[in-house]
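# Commentary on secondary and tertiary structure
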Amino acid sequence: MGEFKVHRVRFFNYVPSGIRCVAYNNQSNRLAVSRTDGTVEIYNLSANYFQEKFFPGHESRATEALCWAAGQRLFSAGLNGEIIEYDLQALNIKYAVDAFGGPIWSMTASPSGSQLLVGCEDGSVKLFQITPDKIQFERNFDRQKSRILSLSWHPSGTHIAAGSIDYINVFDVKSGSTIRKMIVDRQCMGVSKRKCIVWGVAFLSDGTIISADSSGKVQFWDSATGTLVKSHLIANADVHSIAVADQEDSFVVGTAEGTIFHFQLVPVTSNSNEKQWVRTKPFQHHTHDVRAVAHSPTALISGGTDTHLVIRPLMEKVEVKNYDAALRKITFPHRRLISCSKKRQLLLFQFAHHLELWRLGSTVATGKNGDTLPLSKNADHLLHLKTKGPENIICSSISPCGSWIAYSTASRFCLCRLNYEHDNISLKRVSKMPAFLRSALQILFSEDSTKLFVASNQGSLHILQLLEGSFKHLHAFQPLSGTVEAMCLLAVSPDGNWLAASGTSAGVHVYNIKQLKLHCTVPAYNFPVTALAIAPDTNNLVIAHSDQQVFEYSIPDKQYTEWSRAVQKQGFHYLWLQRDTPITHISFHPKRPMHILLHDAYMFCIIDKSLPLPSDKTLLYNPLPPMNESDVVRRRTAHAFKISKIYKPLLFLDLLDERTLVAVERPLDDIIAQLPPPIKKKKFGT
């Protein structure tokens, strides 16, 4: 692998926002996740659970409900009283409609997907018609005395169950009137509470209503008579959420104690046709409140205050018992939040509402392999750049020379010039940015820091020439006719001649920067791109996909390289393909053209193209340290993949020079330490 001096950085104080809602789309096998800061993420479960799209958060947008409707349309609602529809192509908000009922606490789409129902703070339940372009208010249902916290349609679309404080209502959709009202028991562990909040309801096709409430109970009601059929006390704290399988043979609930309970409909006896609901499995994959759950055909999905998105496969539903049946925890975004200035050894950290610029520390000490060297100069926090307004930062970048910083929110693009004088740093914003640069999805500087490439949310790519304290717009590559595909990943060649851009589904386009035209399009592949980079000298484009495949494409020859064809013919090692975090960064060694450096959240790898590929019988990764010098040589020449798992969770890794690496880690214990304390549970013997 070679010896490197590694800057091991752990001062990126990043804490993901907690998960508030999840919504599963059975048609596209995608999962929408909203977080407490208003960010909405889209995961493609068919593409190795890759986070293929995201919508930045907003301080005034506290999302309380999320749902799919009319096939592929995504809606959210929250405490600002607005219903929002998202544009999944341009990756921005299509429109926002005020429901005029105060804060919205719940929302659900009709079984046909043509209507939307919201529950408001003022006790109103409002019905909206979904039109091809927008949503249109239809009517109000009977107003209740307290806020509507949960809603569920009957599968026939004729009735609705609404959970409130101390009671559950059943509405007739045609008339909008209340036909049944069920009072919920306030008793919890023998003690009467002041009120009982019905956090979740589910209306089954046989007329059964399942409720989850703040007294720790899951209750079954007969909607025809309004009577309680059965009650399960499952927690000493709130049961926050409920999700039912499409077949209505199982459901899952999440509690404030961090436990998930799975209920299944099973026969009373082995020969009986009569069935009953039985609590079958508890899962403790969270440390804090489970605020949202979803039930896909093969897995239970949950998220909450501890920021983890947990996918727990149901073994009886998984056809092939392979690595896909393993538990997955997704904590970090599948995009880069860190950029690096190699010349000045600076790191730019991106947070929701500010940027931090740090200078790396240095040492004059020497040591042998594996030693931790003392710093002769500590890392310096040079700059804290706060954004204006309530919008989250979408993307940011620092130029390789360290003299420029650019970032973008949903409505504002900002370019800053940095000046360094001894230990002092000054910043000057470039004024009068053009309107077409209002919002960017990706920003990238050229290797010589003279050009800036900006991917807008309208599908266009802009090239700016950077001058001393200003810029000049050189060219804009417009999207292909009839498409508004947003470009999410950019890569520029070190010689500045080629620009590669990847969208969420349109493949990879390569542009000739000197001639300002589209050069070629890389053949389409079924899985989304997670990282791409262009090698120096050869101008080979290396592309990583969410299914862990890596391709090398020759830009001058407009075809895959011989090495890439050999890899596809033999195939990657099965352990390589079973990794569950995507490759987020690719780079190259300046003096070793046969080496490709890449990393995901849990490993750093150097691929040596001059060595043979490992077969499935070969040991891909040896966790034991080498025994002697001959063992080191043997491992270096065994096969092409040199893997290190020392640094994790790994958010960023890159070469600063031929002999120096920088690795940015974010230990999970540091994140948990900054979360609010979980509910204290009494343990036996304490």
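All figures in this text were calculated on a predicted structure; none of them were measured in a lab.

Thresholds, definitions, all that
- Residues numbered from 1 in each chain as written.
- Predicted model: local features only at pLDDT ≥ 70, side-chain atom pairs only at ≥ 80, totals over all residues.
- Heavy atoms only, no water.
- Domains from an automatic or database assignment.
- Pairing = 2+ DSSP bridges.
- Helix = DSSP H or I, 4+ residues; strand = E, 2+ residues; numbered from the N terminus.
- Axes fitted to C-alpha atoms, helices over the stretch in contact; angles between N-to-C directions.
- Core = buried A, V, L, I, M, F, W, Y, C linked by side-chain atoms within 4.5 Å.
- Buried < 20%, exposed > 50% of the residue type's maximum accessible area, 1.4 Å probe, protein only.
- Contact = heavy atoms within 4.5 Å.
- Phe/Tyr/Trp six-rings, centres within 6.5 Å; stacked < 30°, edge-to-face > 60°.
- Lys NZ or Arg CZ within 6 Å of the ring centre and 35° of its normal.
- Arc of directions from axis to C-beta.
- Polar contact = N/O pair within 3.5 Å; in protein donor to acceptor, adjacent residues only side chain to side chain.
- Salt bridge = Lys/Arg side-chain N within 4 Å of Asp/Glu carboxyl O.

## Some remarks on the domain arrangement of the protein chain
How big an interface is tends to be reported as the loss of accessible area on association of its parts. Annotation of the protein chain at the domain level lists domain 1 (1-12 + 529-676), domain 2 (19-256), domain 3 (257-330) and domain 4 (336-492). Between domain 1 and domain 2, the C-alpha centre-to-centre distance is 43 Å.

## A few points about the sheet that holds strand β42 (residues 461-466)
What the four strands build is an open sheet, ordered β40-β41-β42-β43; its pairing is antiparallel. Looking at which strands have only one partner, the edges of the open sheet turn out to be β40 (440-445) and β43 (471-477). Adjacent strand axes in the sheet meet at a mean angle of 20° when their direction is disregarded. Of the strand pairs in this sheet, β40 and strand β41 (residues 451-456) are connected by five bridges, and their pairing is antiparallel. Bridge pairing in β41 links Leu444 to Phe453.

## Considerations on the nonpolar core
A general trend in soluble globular proteins is that nonpolar side chains are found buried together. Leu74, Phe413, Leu415 and Leu452 are the most contacted members of the largest nonpolar core, which totals 32 residues. Looking at this core element by element, the count peaks at four residues for β40. Look past the residues within four positions of Phe413 in its chain and what remains in contact with it is Ala406, Tyr407, Ser408, Met433, Leu437, Arg438, Ala440, Ile443, Leu452 and Val454.

## Looking at the packing of aromatic side chains
Per the counting criterion, the structure on display carries 20 aromatic pairs. Judged by centre distance (5.4 Å) and plane angle (85°), the rings of Tyr553 and Tyr560 are edge-to-face. These aromatic residues form a ring-pair network of at least three members: Phe11, Phe12, Tyr14, Phe349, Phe351 and Trp358. Here the basic side chain of Lys181 rests over the ring of Tyr167, its NZ or CZ set 4.1 Å away from the ring centre. The lysine or arginine in question, Arg335, covers the ring of Phe54, its NZ or CZ lying 3.6 Å from the ring centre.

## A closer look at the sheet that holds strand β4 (residues 40-44)
Spatial strand order, β2-β3-β4-β5: four strands in an open sheet with antiparallel pairing. With partners counted over all chains shown, the strands left at the sheet margins are β2 (19-25) and β5 (50-55), one partner each. Going from strand to strand, the sheet's axes swing by 20° on average, the running direction of each strand aside. Bridging between β2 and strand β3 (residues 30-35) involves six bridges; their strand directions are antiparallel. Paired with Ile19 across the bridge in β3 is Arg35.

## A look at the pairing of strand β49 (residues 540-545)
Across the six residues of β49, six count as buried, placing the element largely inside the fold. Across five bridges, the pairing between strand β48 (residues 529-534) and β49 is antiparallel. Within β49, the residue paired with Ala533 across the bridge is Val542. Remark: five residues form the turn of the hairpin made by β48 and β49, two consecutive strands paired antiparallel; Asp537 in that turn has positive phi of roughly 70°. Pairing between β49 and strand β50 (residues 550-554): five bridges, direction antiparallel. The residue of β50 that forms the bridge with Asn540 is Ser554. Taking the residues between adjacent antiparallel strands as the criterion, β49 and β50 are bridged by four residues, where Gln548 takes a positive phi near 75°.

## Observations concerning helix α1 (residues 562-570)
Regarding α1, the residues found buried are Trp563, Ser564 and Val567. One face of α1 carries all of its buried residues, which in axial projection span an arc of 100°. Within α1, the exposed residues directed more than 90 degrees away from the buried face are Glu562 and Lys569. In the core, the buried residues of α1 are packed alongside β50, β51 (559-560), β53 (592-599) and β54 (604-608). Where α1 terminates, the next one or two residues include Gly571, which has phi positive at roughly 95°.

## A word on the environment of His545
On the secondary structure map, His545 appears in strand β49. The exposure class assigned to His545 is buried, which follows from its relative accessible area of 6%. Separated by 217 residues in sequence, His545 and Arg328 have C-alpha atoms that sit 18 Å apart. Those residues in contact with His545 that lie beyond four places of it in its chain are Tyr525, Phe527, Pro528, Val529, Thr530 and Phe551. Polar contacts involving the side chain of His545 include one to the main-chain carbonyl oxygen of Phe527, which spans 2.9 Å.

## A look at the pattern of salt bridges
Pairing of side chains with opposite charge becomes possible as their charged atoms draw close. Under the counting rule described, the total for this entry stands at 17 salt bridges. Among the salt bridges present, the one from Glu64 reaches Arg20, with a minimum N-O distance of 2.7 Å. In this pair, Glu64 sits in strand β6 (residues 63-69) while Arg20 sits in strand β2, placing the two residues 44 residues apart along the sequence. Of the two residues examined, Glu64 and Arg20, each falls in the buried class.

## A few points about the side chain of Thr255
Mapped onto the secondary structure, Thr255 falls in strand β25 (residues 250-255). Classification of Thr255 by relative accessible area gives buried; the value is 0%. Not counting residues within four places of it along the chain, the set of residues in contact with Thr255 comprises Ile234, Ala235, Asp238, Val239, His240, Phe261, Asp289 and Val290.

## A few points about the environment of Glu82
Topologically, Glu82 is positioned in strand β8 (residues 82-87). When the C-alpha positions of Glu82 and Tyr95 are compared, they lie 9.7 Å apart, and in sequence the two are 13 residues distant. Not counting the four nearest positions on each side in its chain, Glu82 is found in contact with Ser76, Ala77, Ala96, Val97, Asp98 and Ile104.

## Overview of the environment of Arg312
Looking at the element boundaries, Arg312 is found in strand β30 (residues 309-313). Put simply, Arg312 and Ala326 are 14 residues apart on the chain and 7.4 Å apart in space, counted from C-alpha to C-alpha. Sequence-distant contacts of Arg312, defined by excluding residues within four places in its chain, comprise Phe283, His285, Ala299, Leu300 and Leu327.

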